[in-house]
Amino acid sequence: PTAVSPQGAIGLMQLQGLTARGLAMDLGLEWTGDDLLFDPGVNVLLGCAYLRRLMDRFGDQDAALAAYSSGPTFVEARRDANGRIPLAYSDRVWDVRTALQGKVAA
């Protein structure tokens, strides 16, 4: 919950403050500053809302995950330029999901 990336993304869901503030306003949550992102409940709520928004925008799980990691503008530009989006992050997410499912099944 206290993680901060080199790019300034904060907390469990690694959200940028500007993105999180906009989401909080849209959801009617009081925004008291970026430190709010260290609260796991707030961070996960906003992170899930952001991922849902990206899913609605892109209509595809891989594209939404790529946009979550690299930013929606970057993903749209790549998609528009050559029809391909970077899948390294989404591939890692699916690999972790598969590994966790295996542990739960065991």
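Structural data are supplied above this passage.
Now for a look at the structure at hand. This one's a predicted model, so the numbers in the text were calculated from it and none came from an experiment. Residue indices begin from 1 for each chain and proceed along its sequence in written order. Totals for whole chains, interfaces and linings use every residue, but because this is a predicted model, local features are given only for residues with pLDDT of at least 70 and side-chain atom pairs only at 80 or more, for both listing and counting. Heavy atoms throughout the structure, all of them, feed into the side-chain values; hydrogens and water do not.

**Some remarks on the pattern of salt bridges**
Salt bridges are defined as contacts in which a side-chain nitrogen from Lys or Arg sits within 4 Å of a carboxyl oxygen from Asp or Glu. Within the structure shown, the criterion is met by four salt bridges. Arg52 is paired through a salt bridge with Asp56; the nearest N and O atoms lie 2.9 Å apart. Taken together, the positions of Arg52 and Asp56, both in helix α2 (residues 40-58) and four residues apart, correspond to about one turn of that helix. Counting from the N terminus, the helices are the DSSP runs of H or I reaching at least four residues and the strands are the DSSP runs of E reaching at least two.

**Observations regarding the packing of α2 against helix α3 (residues 61-70)**
Relative orientation of the contacting elements α2 and α3 amounts to 130°, with a least axis distance of 8 Å. Regarding the angle of α2 to α3, the classification is oblique. α3 is crossed by α2, and the crossing has right-handed handedness. Counted together, Gly47, Tyr50, Leu51, Leu54, Met55 and Phe58 of α2 and Gln61, Ala63, Ala64, Leu65, Ala67 and Tyr68 of α3 form the full contact between these two elements. Considered class by class, the residues forming the contact of α2 with α3 number 10 nonpolar, two polar and no charged. Geometry is summarised by axes, namely lines fitted to C-alpha atoms with helices restricted to the contacting stretch, and by angles between N-to-C directions that run from 0 to 180 degrees. Roughly parallel means an angle under 35 degrees; roughly antiparallel means over 145; roughly perpendicular covers 65 to 115; every other angle is labelled oblique. In this scheme the crossing of two helices becomes right-handed for a clockwise turn of the near helix relative to the far one and left-handed for an anticlockwise turn of less than a right angle. Residue contacts are defined here by distance: any two heavy atoms, one from each residue, within 4.5 Å place the two residues in contact. The residue classification treats Ala, Val, Leu, Ile, Met, Phe, Trp, Tyr, Cys and Pro as nonpolar and Asp, Glu, Lys and Arg as charged. All others, Gly included, are polar.

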